[in-house]
Amino acid sequence: AGQRYQVRMRSNHFNLSVRQKMLMSNRSESDAPDTTDPRKRHNYKNVAIIGGGLAGLSTAHHLLEKTKLDQGALRVTIFDKAPVGMGGASSVAGGLVHPFSPRGKLVHMGNEAMASSSHLIDAACLEEPSCVLRKQLYRLALTDQQASDLKNTATQYPQYATWMDAAQIKQVCRIEETPSSSHVLGGLKLSNGCQVIHVPTYLKGLWNSCIHLSNGTVEWIQTKDEDTNWLSSHYLQPFDCVVLSAGSGLLQDSILSQLNTPVNSGGKHETLTTLPVDLVRGQSLEMIMGSSVGGTKTPEREAMLCGKYLTPLPQTAESKQQGEERILMGSTHEYRENAFTEEEVVKEIKERTYDLAPDVWDTARVDRITSGVRVQSHRGQFGRLPMIGKIGQLN
């Protein structure tokens, strides 16, 4: 069918929608992409995106924005195992948006990434205003070297970062003055696009924005697990281009191995399962704190980064009624095959965050543990970068 597969870093058998059946039965030679004009050689009409997480929905939104003035020129269909915002590592991500490495260095193309991310978040906010939890976040310095690095960050990138001394940041972040918190030497306030989002709500907002951009033609198909060999089957025949953005599902669900596409690399005949990536499991704790003593209203809790992270979660109707506070603490970095036990998850996160939030650990309860497996590319000259390429040409 001349399908073109691209990888953009889950899913199995699915039922055909009415629209797909029409596409399969009505497709003609005139529907093929026009490659005679170089400007139109990527003028795909029907695009499938495998995986509807952060990468997949971003891809869909960008494609639809680029073609919104030509209604009907592009149809996008997203395939995912789960409903919007409810599956994969994206749905349990911490949601702390900023362009800096742990040492305060601007990541490769960090300014461009911030502009693009802010644009997508603004689009999602029009549909789901509650997806933004905080308009700022804080990175703490716990050693002299970290303090020096972060002060340099504030000097070099004042548009994002403001240095705060120890007293200031402890007050803002509600860090109690104790002997064990004396190692908090200050930190950065990150703002002007640096923010905290609730990722499931953001994904739902971005999906609704895709619906409006496409005039209702974009489609989400929730796939099933009965058949694990659908990728190369006739189900994808209606599509001129298939974008693989299923994250860890590319490997865990054997999506790449189903393609069985050889890659010529340095004389070796390899398959795509040799991509330079690792699978990393992250588990986080969703915690609930009871109402304050005497009903005293406490300041909103800010999001903190310090190797691990602490960030607020949206209140539910029940937590609002009971005056409870919901907090996310994370996350583990697990490279081993077997997941950490609940005891191991709590132990690792508590050791790294107790001194920053003893009130949480002393009074809150663990409501649930979230878990997701993400794809992490190998570190290169510019750090760990996303990967994009055409199947057969990824090297």
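These numbers come from a predicted model, not from an experiment. (Residues numbered from 1 in each chain as written. Predicted model: local features only at pLDDT ≥ 70, side-chain atom pairs only at ≥ 80, totals over all residues. Heavy atoms only, no water.)

Draft legend 1. Structural detail: the packing of helix α2 (residues 54–66) against helix α6 (residues 199–213). Remark: α2 packs on α6, axes separated minimally by 10 Å, with the N-to-C direction vectors making an angle of 25 degrees. By the angle class used here, α2 and α6 are roughly parallel. Between α2 and α6 the crossing geometry is left-handed. Between α2 and α6, the residues in contact are Leu54, Leu57, Ser58, Ala60, His61, Leu64 and Glu65 and Val199, Tyr202, Leu203, Leu206, Trp207, Ser209, Cys210 and Leu213, respectively. (Axes fitted to C-alpha atoms, helices over the stretch in contact; angles between N-to-C directions. Helix = DSSP H or I, 4+ residues; strand = E, 2+ residues; numbered from the N terminus. Parallel < 35°, antiparallel > 145°, perpendicular 65-115°, else oblique. Left-handed = near helix turned anticlockwise from the far one by under 90°. Contact = heavy atoms within 4.5 Å.)

Draft legend 2. Quick peek at the nonpolar core. Residues Leu57, Val76, Ile78, Leu137, Tyr202 and Trp207 are the most contacted members of the largest nonpolar core, which totals 48 residues. When residues of this core are assigned to their parent elements, the largest contribution, seven residues, is made by α6. Apart from residues lying up to four places away in sequence, Leu57 is in contact with Gly52, Ile78, Val84, Leu203, Leu206, Trp207, Cys210 and Trp220. Counting residues in hydrophobic clusters, the runner-up holds 23 residues, among them Tyr138, Met164, Val345 and Ala357. (Core = buried A, V, L, I, M, F, W, Y, C linked by side-chain atoms within 4.5 Å. Buried < 20%, exposed > 50% of the residue type's maximum accessible area, 1.4 Å probe, protein only.)

Draft legend 3. Spatial organisation of the packing of aromatic side chains. The final tally for this structure, using the stated rule, is four aromatic pairs. On the basis of an interplanar angle of 55 degrees and a centroid distance of 5.6 Å, the ring pair of Phe100 and Tyr157 is categorised as tilted. Remark: Tyr157 occurs in the loop between α4 (144–156) and β7 (161–165) and Phe100 occurs in the loop between β4 (96–97) and α3 (110–127); sequence separation between them is 57 residues. The pair Phe100 / Tyr157 is uniform in exposure class, with both members buried. Between Phe100 and Tyr160, the aromatic rings sit 6.0 Å apart at their centres with planes inclined by 80 degrees, giving edge-to-face as the arrangement. (Phe/Tyr/Trp six-rings, centres within 6.5 Å; stacked < 30°, edge-to-face > 60°.)

Draft legend 4. Up close: the sheet that holds strand β5 (residues 132–134). The three strands lie next to each other as β4-β9-β5, forming an open sheet whose pairing is antiparallel. Lying at the two open borders of the sheet, with one neighbouring strand each, are β4 and β5. Here β4 runs beside strand β9 (residues 195–197); their pairing, made up of two bridges, is antiparallel. Paired with Leu96 across the bridge in β9 is Val196. (Pairing = 2+ DSSP bridges.)

Draft legend 5. Broad picture of the packing of α3 against α6. In contact at an axis separation of 7 Å, α3 and α6 are set at 85 degrees when each is read in the N-to-C sense. The angle between α3 and α6 falls in the class roughly perpendicular. Within the contact between the two elements, α3 uses Leu120, Ile121, Ala123, Ala124 and Glu127 and α6 uses Tyr202, Gly205, Leu206, Asn208, Ser209 and His212. In terms of residue class, the contact of α3 with α6 is built from six nonpolar, four polar and one charged. (Nonpolar A, V, L, I, M, F, W, Y, C, P; charged D, E, K, R; others polar.)

Draft legend 6. A look at the pattern of salt bridges. Across all of its chains, the model carries 13 salt bridges by this definition. As a salt-bridge pair, Glu286 and Arg368 come within 3.0 Å of each other at their nearest N and O atoms. On the criterion of sequence distance, the pair formed by Glu286 in strand β14 (residues 277–289) and Arg368 in strand β18 (residues 365–377) is long-range, its members being 82 residues apart. For Glu286, a relative accessible area of 10% puts it in the buried group. Judged by relative accessible area, which is 45%, Arg368 ranks as partly exposed. With its nearest N and O atoms 2.9 Å apart, the salt bridge here joins Glu344 to Arg336. (Salt bridge = Lys/Arg side-chain N within 4 Å of Asp/Glu carboxyl O.)

Draft legend 7. Local environment of the sheet that holds strand β15 (residues 304–306). Read across the sheet, eight strands follow the order β7-β8-β6-β15-β16-β17-β14-β18 without closing on themselves; strand pairing throughout is mixed. At either end of the open sheet lies a strand with only one pairing partner, and these are β7 and β18. Averaged over all neighbouring strand pairs, the angle between strand axes comes to 20 degrees, with direction disregarded. For strand β16 (residues 308–312) and strand β17 (residues 325–330), the ladder comprises four bridges, and the chain directions are antiparallel. In the strand pairing of β17, Thr311 is matched with Leu328. The strands touched by α4 within the sheet are β6 (137–141), β7 and β8 (186–190), with β7 carrying the most contacts at an inclination of about 140 degrees.

Draft legend 8. Spotlight on the side chain of Asp240. Tracing the backbone through its elements, the reader meets Asp240 in the loop between β10 (219–222) and β11 (241–244). A polar side-chain atom of Asp240 sits 2.9 Å from the main-chain amide nitrogen of Lys45. (Polar contact = N/O pair within 3.5 Å; in protein donor to acceptor, adjacent residues only side chain to side chain.)

Draft legend 9. Summary view of the environment of His212. Looking at the secondary structure, you find His212 in helix α6. As for His212 and Leu64, which are separated by 148 residues in sequence, their C-alpha atoms are 9.6 Å apart. Polar contacts involving the side chain of His212 include one to the side chain of Glu127, which spans 2.8 Å.

Draft legend 10. Quick peek at α3. The first and last C-alpha atoms of α3 sit 26 Å apart over 18 residues, in line with the 26 Å expected at 1.5 Å per residue. Three or more residues of α3 are buried, namely Gly110, Met114, Ser118, Leu120, Ile121, Ala123 and Ala124. Those residues of α3 that are buried lie in contact with α2, β4, β5, β9 and α6. (Expected span 1.5 Å × (residues − 1).)

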